[in-house]
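Summary of the model geometry
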Amino acid sequence: MTVTIKTFDRLADAANALSSERGAHFFGGGTLIMRAINEADPSVQTIIRSTDPALQHISVSSGRVELGAGVTMAAILAERELAFLHPVARAVGGPAVREAATVGGNLFANSPYGDFAAALLALDATAQFAGGFGQRELPLEEFLGRRDRGTSLVSSVAFRRPPTDVFRFHKVTRVHPKGISVLSISAQLPVASGRIAGARIAYNAMGQTPLRAKAAERALEGRPLDAAGIAPALAVAADGTAPVDDAIASAWWRREILPVYLRRLLLGAVHT
Amino acid sequence: MLEFRKDIFADERDDSLVEIGQPTARQDILGHVTGTSPYYDDHRFANLLHLKILRSPHAHARIRSIDDSVAARAPGVKRIIRAADVPVNLNTLLSLIQFGKDDEPSLASDVVRYKGEPILGIVATSERAALEALALVRVSYDQLPAVLDVEEAIKAGAPSVNATYPKNTFEYYGKYDHQKLRFGDVEAGFRQADIVIEDRYQMSPIEHAPTETNGSITVPDTNGRYIVYTSTQALFFSLDTAAKINAVQSNQLHFIGGTVGGGFGGKVDTLTEPLCILAARLTGAPVRYRLSRHEEMQFGSPRGAERIYVKDGLAKDGRIVARSVRAYFDSGAYTRLSSYAVVKCVAHIPGPYTIPNVHADVYCVFTNRTPATAMRGFGVTALDFALECQMDKGAVAVGMDPLEFRMLNMYRDGDMKAHRREAKNCALIECAQVAAEKANWPLRDEFRRMSSRQGGSHERAGVADRSRTPQLASAAKPAPSTPPSPVPQRVAYERPTPAAPTRTAPPSPPPRSAPPSPAASPAGSTHGAPRFSSVFGTRRR
Amino acid sequence: MKTPIQFHLNGEAVATFVESGANLLDTLRETVGDLSVKGGCWQGTCGTCTVLIDGVPRLSCVTLAEACAGKSVETTAGLRRGADLHPLQQAFMDRFAAQCGYCTPGMLMAAKALLDRNPNPTRAEVIDALCGNICRCTGYEPIIQAVMDVAGSDNRRRA
């Protein structure tokens, strides 16, 4: 039995096909789906593709960034306006993977993959959906919580562009420059009058999907970014996480090093 | 960058070498850079069939039943290969040199003993068809208690892993459950020691992960012969193994290989050839059996994990007076090459150091893990890790510089090793001196002047000097009055006895205070007589 | 179900049929017969199967063959011009930048992708360009040196 491939010019048609066919998967850059096909994964029977240019769309206006789900890591690296995201895009595989891996695909990558999705989570991004009759937009956190149940097609993600130097990212790997995440931390750290106001921190590889570090965010509120100021946040850094043992690291190790790297990130000691 | 230090052992140097020291191109490099080197999978055959294997999902289980009736009717399936189809379904790799007992089936029939163990093969028109058919095979298992830890495995009452070795230890020479090394009296050594340090070292299995996974293609030839294109690192070894399992004469198999996409020891186990040949014999068609990357990681044998305990007795002046090693090699469910790794390990104990009292017990243990095999210095690498960690700790314990502590104890010419062989052509001290110089590591004068040629003696190892006995005639050549002039090519690897020392000898470590009692080292009297072969044990001379 | 596709392979037009869901690696090797592309993992992790598609490096094992219709594919088989080796091939030979040779075609294509776009890369850029390609013989340093040699010779030509 071979795989059935259906290619649609219009994203809306692809979305309809995706929601109406059982065992259908949307094909982004191929790094996840092709592997499943190569291994004859029986759950992958039908592949939906779309050549709709909307998928490749990047818009950066003064306040808002919108990325089509088919935008590749390489396309992000080529966009000067998205310089704050370059360290994240560069952390996704080597050059050949970056040419294939998409923003939308990263939302579906299982831990320890998904560094880009975690960065989007820290950016308070929303996911937009194509076609169908369901919801048109969801906060990313809500979407990630039910991504494996839905059949809606993510068409793009959008977020408010962070002010300069507010976004930070660090990926912990055993191999450099390219390695799979032991974990990664993304953070938006707006400072008003020397104190954090509205921090967003997200982790990858600290659970089945990227997740927010809400306890640490709350503990940072109103505090300065210095050793004493961040101490309460470090104490609760691992709250709400559920890392797993895998070939890259044990859950124990991930929990142990998380506050170490969070401290360095918050104090600006790691350069991204 | 490469540098030749011609000043060291200048009197022994031979500078008429043609190849050594000269850059030379690999003979296969043009093929590599043009993508034309013929790896096994770079051969194309019409109507090639593909073999895929059903593997155990359990570390230890009894197979209650296998139902392949639906799979047999699946599209593209040409043949199902079951355990009963394998002509000789029990083998051990080193049986080719009469070392160890046959203990491993090509396809498990009653019990699976590790996760990933082959159970059944499907030959189909494409890899995908074979994989889809495999998903239709129904196997019913009774899970059995698994043992995954070497020391748990040798406890009384532990689950028996391997029916051939029910006590979970490999059997040496038909009777011993481990390999021993005995030299001097290690307990007396510990009693004399000023400081005793002991630690435990645990290694993990390491997968070779060659970029080319294990695989082979078998093509039926005329006259009942089969041509086998293979990734093996050990062509004739694999040929004989495959012939044995298939119960054919080795001249019925024509193995073509030698271009290997990375091996590192992970391609000596003949993982694919026997079943690939069997599939070609049963179908009459060319068959490829190629491991997926997942199979390579799960089923491809890794470097074994060793657990090593080292106990050292140290004198305050920095001499190691006793070293005891107890180690357990995790062979996984079957033997492969860990039995041999143990022999290599024991031959390497106590490291490159002269120690008068050495004791070692090393076990090859079966567990319900993937069978382990060769990998780059296996048996030795892990031991060296343990010993050198121990050396660092020892240096701290006696308050010495870690390099000087090592140099004080390093083999020198004329020392007696724990295996009762005289140390010859030693150069480790000189290597340490150059390394220290390159790393700007300060060495005290006496260590900068230290020489492998000076200060060595049997007495340093607590053994009476027998260098004038006939067995060691080569070491008793009269000392030339002047350094020998360069000769075109040294044929014997014997260092000429140096001229009388012209420099001040470094302080030789004081001899061990009490020689071992004759009873404690009975082998001392047989020193030099039997010749030890790493695999066959004591061999006729 | 087989789908007809056409694309350019090393400058030559190729027309073939591919099985639905076939990857580019198997298509090149099994169907078109370009054996210079090697497969290492079939899961997009090792870089061994790197080819260039429209000039950018791609992992052919996780590239859908039918998505390559109309595109230009480059492999190691197309590097050589007659008897002349590509400068990267010569540099890999001179620098002993291959041991088992299995990762070499992928390394060459990853390096070519870099130099075609950036003839004067820094060492860090070379390392980044090769970072998706695994060499298990661990011969990375001579490979980096070989690519730097070619980059350097370009510099000399420009000077």
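Please read all numbers here as calculations on a predicted model, not as lab measurements.

**So, the domain arrangement of chain A**
Often, the extent of an interface is quoted as the loss of accessible area on bringing the components together. All names here are of chain A. Taken domain by domain, chain A comprises domain 1 (4-50), domain 2 (53-160) and domain 3 (168-266). The distance between the C-alpha centroids of domain 1 and domain 2 comes to 18 Å. Facing 13 residues of domain 1, the contacting portion of domain 2 comprises 15 residues. In total, domain 1 and domain 2 occlude about 1100 Å² of area from one another, counting both sides; carbon and sulfur atoms represent 75% of this.

**Description of the pattern of salt bridges**
Residue and element names in this part refer to chain A. For the structure on display, the rule yields 56 salt bridges over all chains. Here Arg161 and Glu81 are joined by a salt bridge, their closest N and O atoms 3.0 Å apart. Taken together, the residues span a long stretch of sequence, with Arg161 in the loop between β8 (153-160) and β9 (167-173) and Glu81 in the loop between α3 (73-77) and α4 (86-90) at a distance of 80 residues. With relative accessibility at 38%, the residue Glu81 sits in the partly exposed group.

**Things to note about the domain arrangement of chain C**
All names here are of chain C. By the assigned domains, chain C splits into domain 1 (2-77) and domain 2 (87-153). The straight-line distance from the C-alpha centre of domain 1 to that of domain 2 is 21 Å. Across the boundary between the two partners, domain 1 contributes 15 residues, which contact 14 residues of domain 2. Surface buried jointly by domain 1 and domain 2 totals about 1100 Å² across both partners, of which 58% is contributed by carbon and sulfur atoms. Linking domain 1 with domain 2 are 1 salt bridge, by the criterion used here.

**Topic: helix α11 (residues 402-409) of chain B**
Residue and element names in this part refer to chain B. Burial analysis of α11 places 6 of its 8 residues in the buried class, which makes it a mostly covered element. Residues of α11 that are buried sit in contact with β13 (306-314), β14 (320-332), α10 (381-398), α12 (428-438) and α13 (445-448). In this structure Asp401 caps α11, since a side-chain oxygen of it lies 2.8 Å from the backbone nitrogen of Leu403.

**Description of the interface of chain C and chain B**
With 30 residues of chain C in contact, the opposing surface of chain B contributes 29 residues. Surface buried jointly by chain C and chain B totals about 2400 Å² across both partners, of which 56% is contributed by carbon and sulfur atoms. Summed over the three residues of chain C that lose the most area to chain B, namely C:Met93, C:Tyr102 and C:Arg136, the buried surface amounts to 25% of that side. Across the chain C-chain B interface, the total number found is 5 salt bridges. One salt bridge in this structure joins B:Asp42 and C:Arg29, with 2.9 Å as the shortest N-O distance. On the surface where chain C and chain B come into contact, there are 16 residue pairs in polar contact (both at pLDDT 80 or more). Looking at the side of chain C that touches chain B, the elements with two or more residues in it are α1 (24-32), α2 (87-94) and α3 (104-117) of chain C. Split by residue class, the side of chain C that touches chain B holds 15 nonpolar, 10 polar and 5 charged.

**Quick look at the nonpolar core**
Grouped together as the largest cluster of nonpolar side chains are 97 residues, with contacts concentrated most on B:Leu51, B:Leu253, B:Ile308 and B:Ile349. Leave out the neighbours within four places in its chain, and B:Leu253 touches B:Tyr226, B:Leu239, B:Ala242, B:Ala243, B:Val248 and B:Ile277. Grouped together as the second largest cluster of nonpolar side chains are 78 residues, A:Ile76, A:Val88, A:Ala117 and C:Leu64 included.

Reading guide: rules and limits
Residues numbered from 1 in each chain as written. Chains lettered and ligands numbered in written order. Predicted model: local features only at pLDDT ≥ 70, side-chain atom pairs only at ≥ 80, totals over all residues. Heavy atoms only, no water. Domains from an automatic or database assignment. Contact = heavy atoms within 4.5 Å. Buried area = accessible area lost by both parts, 1.4 Å probe. Salt bridge = Lys/Arg side-chain N within 4 Å of Asp/Glu carboxyl O. Helix = DSSP H or I, 4+ residues; strand = E, 2+ residues; numbered from the N terminus. Buried < 20%, exposed > 50% of the residue type's maximum accessible area, 1.4 Å probe, protein only. Polar contact = N/O pair within 3.5 Å; in protein donor to acceptor, adjacent residues only side chain to side chain. Nonpolar A, V, L, I, M, F, W, Y, C, P; charged D, E, K, R; others polar. Core = buried A, V, L, I, M, F, W, Y, C linked by side-chain atoms within 4.5 Å.

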